Each structure stands twice: as C-alpha cells, then as structure tokens.
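Structure assessment
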Amino acid sequence: GNPLFAVTLAFALVIMFDAQSVRRAAGLQARVLNQIIDELFKTRRVAEGRLVELLGHTRLEVFLGMLIGVLVAVFIHSLTMR
C-alpha cells in the first residue's frame, strides 16, 4: 500500500537486471577486446579461440543477493518496531 515500496521495488529490479545481464555482457566484450589488442600487438594476428571467462553476476548470485537484502530489511524493520 505504500508508494515508496513500489518505487524501491522497481529500483531494486532494475539494479538486479543490470547486475545479471548488462554488466555481464559489457564485461565479456571488454575481455574480448583486450584479448584482441594483446594478440595484435604480440603476433600481428588474432587466434581463433573461445573465451570461458565471464564477468558480472549469475542469476543465482543475483537471487541470493536479493534474498540477503530482503532478510536484512526484515531484520532491521523488526528491530525498529520494538
């Protein structure tokens, strides 16, 4: 019933989406670009290989972060309601 809750929920969802997808994709692109630059300076050619390294958060990490945030909020709320 509180509009502040709706605003903070929307903000939290945007942050979780960003942490899980947008930052992960940007990190992967940065890794690829760094590898290309390193290989071009060293060997003047780019090797064909797949990257196994990913940046950002997995869905599980985002879910656990959300769960910890909710638990901390409930805990603090219970302390202030006494």
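Everything here concerns the structure above.
This report concerns the structure included in the present document. (Residues numbered from 1 in each chain as written. Predicted model: local features only at pLDDT ≥ 70, side-chain atom pairs only at ≥ 80, totals over all residues. Heavy atoms only, no water.)

Here's the deal with the environment of Thr8
Summarising the element assignment, Thr8 is placed in helix α1 (residues 3–43). Relative accessible area serves as the criterion here: at 43%, Thr8 is assigned to the partly exposed category. Here Phe5 takes part through its backbone oxygen, which lies 2.9 Å from a polar atom of the side chain of Thr8. (Helix = DSSP H or I, 4+ residues; strand = E, 2+ residues; numbered from the N terminus. Buried < 20%, exposed > 50% of the residue type's maximum accessible area, 1.4 Å probe, protein only. Polar contact = N/O pair within 3.5 Å; in protein donor to acceptor, adjacent residues only side chain to side chain.)

What to know about the layout of surface pockets
Its volume calculated, the largest pocket comes out at about 230 Å³. Lining the largest pocket we find Phe5, Thr8, Leu9, Ala12, Leu13, Met16, Gly65, Met66, Gly69, Val70 and Ala73. Those elements that place two or more of their residues in the lining of the largest pocket are α1 and α2 (59–80). With 6 residues, the single largest contributor to the lining of the largest pocket is α1. Taken together, the residues of the lining of the largest pocket break down into 8 nonpolar, 3 polar and no charged. (1 Å grid on protein atoms, 1.4 Å probe; cavity = no way out; pocket = protein on both sides within 12 Å on 5 of 7 lines; lining within 4 Å. Points joined across faces, edges and corners; volume = space filled by probe spheres on them. Nonpolar A, V, L, I, M, F, W, Y, C, P; charged D, E, K, R; others polar.)

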